[in-house]
Every structure is written in C-alpha cells, then in structure tokens.
Amino acid sequence: MLAVVKQAGDGYTARFERMFDHSVQQVWAYLTDNDILPTWFSELRVGELREGGGMKFHMPDGGDVLDMPILEMKPQSVLEYTWGEDIVRFELCPEATGCKLVLLEKLNKLTDHTPKDLAGWHVCLDVIGALMDGRTIESRKEQWKQWFERYQEVIVGLRG
C-alpha cells in the first residue's frame, strides 16, 4: 500500500502504515539496534539513543557522516529525528497480533528527490517485514524502481 501523502500546513506529510506479526520489542530493535539496522538500511546507525542524541547517516561513497538529531524518543514507542530538511517519526503500537508501525515523514516542500525518498522508505519497511518473517527481498533496486514510479505520480498529482 502506498503512503498517504498530503498537504499539512506549510508543508506535507507522508504516512506509511505497516502491521507486523512481531512484538513491539522486535520491531523497535530494527529501528534502534546497530547490529540490526544495517540489514535494512546500510547507511544508518544510532549515535546516542536519547532525545538530544542522534542518528548517523554514513554517505554511501564512504565520505561524510551526517548527524541527525533525535527530537523525540520514547523507548518501544516513538523515535523521531531530522532527515535533511525534513523529519521522520516512527511510532509503534502493540496490537493483538503483533505491532503496528507508523512512519510519518514531515516534508517541508516537495522536490524532485521526494519520490526517491518515499520509494526508499517504502522498500525499507517491506525489507523489515521480510527479514522479521525470515524472508528476503530478491532485488531491492527493482522494488524501488516500481515504487518510485508510483510516488512520482503521487507527487505530480499534489503539485497540480
């Protein structure tokens, strides 16, 4: 299912929802454990897991490391941090059959890069689900291409 992208105030939001047949603790580990993070997002690491701490994005070329401050952190529940000029927020909620994950990306503006990021987050969430279920996604790149095209259409529609 595509993220719901809509105007919100002066910016936009993209809301992804996923249900996992796994505990909040298991899903939280995928978001915060540096031994697990690289399995679904090779460039992302936790610096200090606390409000005021930060996430670290290691540029794929092996160069710079970007610091992304953590704006809100409630263990097993909320992780929010900056993402360039935007903000990403993960919310976890226990459900009878596992865990509901909501990823909310707060976008200051729509750019040509926006559908790339949205497709990337979409595939990342699919990869988390697959890994927790003991599966793999054959070609993340092929998956990304398909979702990128769909998110491009969404962004074009919002721009009018």
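Note that this is a predicted model, so its numbers are computed, not measured.

(A) Main features of the side chain of Arg89. Mapped onto the elements, Arg89 comes out in strand 7 (residues 86-95). Within polar-contact distance, the side chain of Arg89 engages the side chain of Glu91 at 2.6 Å. Each residue touching Arg89, except ones within four places of it in the same chain, is listed here: Glu72, Val78, Leu79, Glu80, Val102, Leu103, Leu104 and Lys106.

(B) The arrangement of helix 1 (residues 24-32) in detail. Here helix 1 lies mainly inside the structure; seven of its nine residues are buried. Of the positions making up helix 1, those classed as buried are Val24, Val27, Trp28, Ala29, Tyr30, Leu31 and Thr32.

(C) Molecular detail of the packing of aromatic side chains. The full count for this structure, using the stated rule, is 10 aromatic pairs. Measuring from centroid to centroid gives 6.0 Å for Phe41 and Phe57, while their planes differ by 85 degrees, and the two rings are edge-to-face. Taken as a pair, Phe41 in the loop between helix 1 and strand 3 (44-48) and Phe57 in strand 4 (residues 54-58) lie far apart in primary sequence, 16 residues in all. Like Phe41, the residue Phe57 is buried in the burial classification. When the ring of Phe41 is compared with that of Trp83, the centres are 5.9 Å apart and the planes differ by 75 degrees; the resulting orientation is edge-to-face. With Phe41 in the loop between helix 1 and strand 3 and Trp83 in strand 6 (residues 78-83), this pair connects stretches of sequence that are 42 residues apart. The structure contains a cluster of three or more aromatic residues connected by ring pairs, namely Trp40, Phe41, Phe57, Tyr81, Trp83, Phe90 and Trp121.

(D) Just the packing of helix 2 (residues 114-132) against helix 3 (residues 140-159), in detail. Two elements in contact, helix 2 and helix 3, have axes whose closest approach is 8 Å; the angle formed by their N-to-C orientations is 135 degrees. By the angle class used here, helix 2 and helix 3 are oblique. Read as a crossing pair, helix 2 and helix 3 show a hand that is right-handed. Across from Thr114, Pro115, Lys116, Leu118, Ala119, Gly120, His122, Val123, Asp126 and Val127 in helix 2, the residues of helix 3 making contact are Arg140, Gln143, Trp144, Trp147, Phe148, Tyr151, Gln152 and Ile155. Looking at the contact of helix 2 with helix 3 residue by residue, the class counts come to 10 nonpolar, five polar and three charged.

About the criteria used
Each chain carries its own residue numbering, running from 1 in the written order of its sequence. For this predicted model, a pLDDT threshold of at least 70 governs which residues receive local features, and a threshold of 80 or more governs which side-chain atom pairs are given and counted, while totals over whole chains, interfaces and linings are taken from all residues. Computation of side-chain values covers all heavy atoms of the structure but excludes hydrogens and water. Numbering of helices and strands starts at the N terminus; helices are DSSP runs of H or I of at least 4 residues and strands are runs of E of at least 2. Pairs of N or O atoms are called polar contacts if they sit within 3.5 Å, as long as, within protein, a hydrogen donor faces a hydrogen acceptor (for residues adjacent in sequence, only side-chain-to-side-chain pairs). Two residues form a contact once any of their heavy atoms are found within 4.5 Å. Only protein chains enter the calculation, and the probe is 1.4 Å; a residue is then buried if its accessible area is under 20% of its type maximum, exposed if over 50%, and partly exposed in between. Two aromatic rings from Phe, Tyr or Trp, using only the six-membered ring of Trp, form a pair when their centres are within 6.5 Å; if the ring planes differ by under 30 degrees the pair is stacked, by over 60 it is edge-to-face, and anything between is tilted. Convention adopted: a line fitted to C-alpha atoms gives each axis, helices being fitted over their contacting stretch, and angles between N-to-C directions are expressed from 0 to 180 degrees. Roughly parallel refers to an angle under 35 degrees, roughly antiparallel to one over 145, roughly perpendicular to one between 65 and 115, and oblique to any angle outside these ranges. In this scheme the handedness of a crossing depends on how the near helix is turned from the far one: anticlockwise by less than a right angle means left-handed, clockwise means right-handed. Polar here means any residue other than Ala, Val, Leu, Ile, Met, Phe, Trp, Tyr, Cys and Pro, which are nonpolar, and Asp, Glu, Lys and Arg, which are charged; Gly is therefore polar.

Read these as layout, nothing more, since geometry by itself doesn't imply function.
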